[in-house]
Amino acid sequence: MKADVQKDIHSGDNHEDLVSHLYYLEGLENSDLAKKLAMSCNVEYAWPCHGKSGAYYNAAMYSGTATVLMERSGMSVWNDEFVGQDKEDIRNFLKTAGILEGEAKVYDLPLITGGSLKAPATGVWRPALEIRDQFRKGDKLGEVQDYFGETIATVTAPEDGFMLYQVKHLQVIKGHEMLTYGVLLG
Ligand SMILES: [Zn+2]
């Protein structure tokens with residue numbers, strides 16, 4: 001059995017604060033459908049990706065199933081607002097795929113790319129910004145401190161962008177993902 005479409009619904013990791021967004025894959029036979037499905041979701045940004053990754057939605061695309069990976073909520077927050085938005089998006093996704101009857105809404109999501117930064121040290125993470133905050137190349141994004149408040153490492157922006165998601169609990173571990181920023185395309 002093979003699915004025609006698939007939607008991967010995430011809510012960030014337990015320790016991440018995030019701006020709602022989604023990923024879809026460009027450059028494949030079913031990418032036009034994947035983009036159409038992406039634009040059925042009422043999130044803040046869409047991130048077109050290229051090439052193979054370890055993600056489930058990515059493997060589905062390479063197996064011929066059009067799919068998107070959506071992120072909404074974060075920090076394990078569960079409330080009626082987020083659940084309602086997810087349900088609304090699922091219905092609209094199914095209409096777009098022709099599975100549910102009715103006219104589908106189309107959203108003109110701004111497209112982004114971006115990058116991720118890993119923790120430069122193990123310690124206490126003190127982010128300088130909140131999600132959605134914009135920054136310029138070289139701006140301070142936060143500090144890793146020791147347990148006495150001494151700075152171990154300062155993290156600066158490698159390019160202009162905005163905070164898409166970041167660790168919001170205290171601890172970061174050297175080499176583990178700490179934040180992902182977005183850069184508007186076009
Ligand atoms: Zn996720």
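Residues numbered from 1 in each chain as written. Predicted model: local features only at pLDDT ≥ 70, side-chain atom pairs only at ≥ 80, totals over all residues.

Enquirer: Which parts of the structure should I look at to understand unusual backbone geometry?
Expert: Most peptide bonds are trans, and most residues other than glycine sit at a negative phi. At Ser-73, a position not held by glycine, the phi torsion is positive, near 95°. Mapped onto the elements of the fold, Ser-73 is located in the loop between strand E5 (66-71) and helix H3 (80-96). Classification of Ser-73 as buried rests on a count of 21 C-beta atoms within 10 Å. (Helix = DSSP H or I, 4+ residues; strand = E, 2+ residues; numbered from the N terminus. Buried ≥ 20, exposed ≤ 12 C-beta atoms within 10 Å, placed from the backbone.)

Enquirer: I'm lost on the domain arrangement of the chain in this one. Help?
Expert: Many descriptions give the size of an interface as the accessible area lost when the pieces come together. For the chain, the domain assignment lists domain 1 (5-96) and domain 2 (113-184). For domain 1 and domain 2, the distance between their C-alpha centroids amounts to 24 Å. Counting from both sides, the interface comprises 11 residues of domain 1 and, opposite them, 11 residues of domain 2. Secondary structure elements with two or more residues in the side of domain 1 that touches domain 2: strand E2 (16-18) and strand E4 (45-49). For the side of domain 1 that touches domain 2, the leading source of residues is E2, giving three residues. The residue makeup of the side of domain 1 that touches domain 2, split by class, is five nonpolar, four polar and two charged. (Domains from an automatic or database assignment. Contact = placed C-beta atoms within 7 Å. Nonpolar A, V, L, I, M, F, W, Y, C, P; charged D, E, K, R; others polar.)

Enquirer: Hey, could you run me through the sheet that holds strand E12 (residues 171-172) in this one?
Expert: Through backbone hydrogen bonds, the strands of a sheet pair up, either in parallel or in antiparallel fashion. With antiparallel pairing, the four strands of this open sheet are ordered in space as E10-E9-E7-E12. The open sheet has two free edges, formed respectively by strand E10 (151-156) and E12, since each of these has just one partner strand. Two strands pair when backbone bridges link them, and strand E7 (residues 123-127) and E12 are joined in this way by two bridges, in the antiparallel orientation. Paired with Val-124 across the bridge in E12 is Gln-171. (Pairing = 2+ DSSP bridges.)

Enquirer: Mind showing me how you'd approach H3 here?
Expert: Side chains of residues three or four places apart in an α-helix project in the same direction, reflecting 3.6 residues per turn. With 17 residues, H3 should cover 24 Å at 1.5 Å per step; its first-to-last C-alpha distance of 24 Å lies within 8% of that length. Among the residues of H3, those classed as buried are Asp-89, Asn-92, Phe-93 and Thr-96. Here the buried residues of H3 occupy an arc of 105° about the axis, which is enough to place them on one side. Of the residues in H3, the exposed ones pointing more than 90 degrees away from the buried face are Asp-80, Gly-84 and Lys-87. (Expected span 1.5 Å × (residues − 1). Arc of directions from axis to C-beta.)

Enquirer: Any chance you could explain the sheet that holds E5 here in plain terms?
Expert: Ordered by their spatial adjacency, four strands build an open sheet running E1-E5-E3-E4, and the pairing between neighbours is mixed. Two strands in the sheet have a free side with no partner beyond their single neighbour: strand E1 (5-10) and E4. Taking each pair of neighbouring strands and ignoring which way they run, the sheet shows an average axis angle of 20°. As defined by bridge partners, E1 adjoins E5 across six bridges and the pair is classed as parallel. When the bridges of E5 are listed, Val-5 appears paired with Ala-66. Against the sheet, helix H1 (residues 31-38) touches E1, strand E3 (21-25), E4 and E5, its axis set at about 35° to E5. (Axes fitted to C-alpha atoms, helices over the stretch in contact; angles between N-to-C directions.)

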